[in-house]
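Each chain, letter by letter, is given below.
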Amino acid sequence: SVAARLLRKGHTDVAVLEPSSKHYYQPLWTLVGGGQAKASTTERSEDSVMPKQATWIKNAAAAVDPDNNTVTCTDGAVYEYDVLVVCPGIQLDWDRTEGLADALGTNGVSSNYRFDLAPRTWEFIRNTRSGSAVFMMPSGPIKCAGAPQKIAYLAADHWRKQGVLKDIDVHLVVPTPRLFGIPAIADNLDAIAADYGITVHTNAEVTSVDAASRKVGVSSVGG
């Protein structure tokens, strides 16, 4: 997006350093997990979204030297720049939650933060007719902090339409004092959660997952 804007502004020597061959529209993965979209619609070739006038360097950055205006890539290649726009994104750290990495995709454990897992989320939601469901948001920086809430509401809405919501004990675990930082919006979300019968656990975080016994460990965070 930045490269395209610069090119439209008349800059001619614009390069994009990007190692991926596939581009994913990740905001839609929540709807994939909620059964409202297909995962295939979120995947495109990187070439199809790359501005044609930009120079695509198919490599990954490993280090930046701002004193010498250079970027060093993982294969040792060095590129000079006049202006550097850094968009590193965020890496998923499944191991931060004990047992989560090994549990993903099995025994009812899934995540909408991965292309291959979002359809599994919908499979688990669709097949759940009774029991307990836990939706969690970790502490610290994450992609789209609203996503863990949205899937909880989408799931609860599906279960209500199927007539089984009354048989499912739904929990939403968030590390923040409220569901949103702006009181007026938090009030609305509180009402939505209450309408679906979702038990909200604030200032809390899921710290461990025991897939075999289908249990999670929850600890308090903050004040």
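Before any of the text, the structure's been laid out above.
Being a predicted model, the structure only gives us computed values, none of them experimental.

Engineer: Just to check I follow, could you spell out helix α6 (residues 147-161) for this structure?
Structural biologist: In an α-helix there are 3.6 residues to a turn, and that puts residues three or four apart on one side. The first and last C-alpha atoms of α6 sit 21 Å apart over 15 residues, in line with the 21 Å expected at 1.5 Å per residue. Looking at the packing, one finds that the buried side of α6 touches α2 (29-33), α5 (118-127), β8 (131-136), β9 (168-173) and α7 (183-196). A positive backbone phi angle near 80° is found at G163, which sits one or two residues after α6.

Engineer: Got a minute to help me understand the pattern of salt bridges in this structure?
Structural biologist: Opposite charge on two side chains lets them pair, provided their charged atoms get close. By the definition in use, this model includes nine salt bridges. For R96, the salt bridge identified is with E205, shortest N-O distance 3.8 Å. With R96 in the loop between β7 (78-80) and α4 (100-103) and E205 in strand β11 (residues 204-210), this residue pair connects regions lying 109 residues apart in the sequence. A residue is classified by how much of its surface remains accessible, and R96, at 49% relative accessible area, is partly exposed. Judged by its relative accessible area of 9%, E205 is buried. The partner of K166 in a salt bridge is D167, and the shortest N-O contact between them spans 3.9 Å. Classification of K166 as exposed rests on a relative accessible area of 68%. Classification of D167 by relative accessible area gives partly exposed; the value is 41%. The network of salt bridges with shared partners includes R178, D187 and D190.

Engineer: Can you help me understand the layout of surface pockets in this one?
Structural biologist: Gaps left between atoms show up when a probe the size of a water molecule is rolled over them. In this structure, the largest pocket encloses a volume near 2000 Å³. V16, L17, E18, V85 and C87 are the residues nearest the centre of the largest pocket, which is lined by 45 residues in total. Broken down by secondary-structure element, the contributors of at least two residues to the lining of the largest pocket are α1 (2-8), β1 (15-17), β2 (22-24), α3 (46-49), β5 (61-65) and β7. Across the lining of the largest pocket, the residue classes break down as 30 nonpolar, eight polar and seven charged. What lines the second largest pocket is a set of 44 residues, and nearest its centre among them are V109, S110, V134, F135 and M136. In terms of residue count, β8 provides more of the lining of the second largest pocket than any other element does, six residues in total.

Engineer: Honestly, the sheet that holds β8 in this entry has me stumped. Any pointers?
Structural biologist: As summarised here, the arrangement of the three strands in space is β8-β9-β10, forming an open sheet in which the pairing is parallel. The sheet is open, and its two borders are formed by β8 and β10 (199-201), each paired with just one other strand. With direction set aside, neighbouring strand axes in the sheet form an average angle of 20°. As paired elements, β8 and β9 share six bridges and run parallel to each other. Bridge assignment links S132 to a residue of β9, and that residue is D169. Its contacts with the sheet place α6 against β8 and β9, and it is angled at close to 155° to β8.

Thresholds, definitions, all that
- Residue numbers here run from 1 along each chain, matching the order of that chain's written sequence.
- Reporting in this predicted model follows two pLDDT cut-offs: at least 70 for local features of residues, and 80 or more for side-chain atom pairs to be given and counted; totals over whole chains, interfaces and linings ignore these cut-offs and use all residues.
- Heavy atoms throughout the structure, all of them, feed into the side-chain values; hydrogens and water do not.
- Comment: elements are numbered from the N terminus, with helices defined as DSSP H or I runs of at least four residues and strands as E runs of at least two.
- Here the expected length of a helix is defined as 1.5 Å per residue gap, with one fewer gap than residues.
- Residues are treated as being in contact if the distance between any of their heavy atoms lies within 4.5 Å.
- Any carboxyl oxygen of Asp or Glu that lies within 4 Å of a side-chain nitrogen of Lys or Arg is treated as forming a salt bridge with it.
- Note on classification: 1.4 Å probe, protein chains only; a residue is buried when its accessible area is under 20% of the maximum for its type, exposed when over 50%, partly exposed between these limits.
- Grid spacing is 1 Å over the protein atoms alone, the probe is 1.4 Å, and a cavity is where that probe fits but cannot get out, while a pocket is an open set with protein on both sides within 12 Å along at least five of seven lines and lining residues have an atom within 4 Å of a point.
- Grid points are joined across faces, edges and corners, and a volume is the space filled by probe spheres set on the points.
- Three classes are used, and their members are as follows: Ala, Val, Leu, Ile, Met, Phe, Trp, Tyr, Cys and Pro are nonpolar, Asp, Glu, Lys and Arg are charged, and the others, Gly among them, are polar.
- Only strands that DSSP links by at least two bridges are regarded as paired with each other.
- Every axis corresponds to a line fitted to the C-alpha atoms, with the helix fit spanning only the stretch in contact, and the corresponding angles, defined between N-to-C directions, vary from 0 to 180 degrees.

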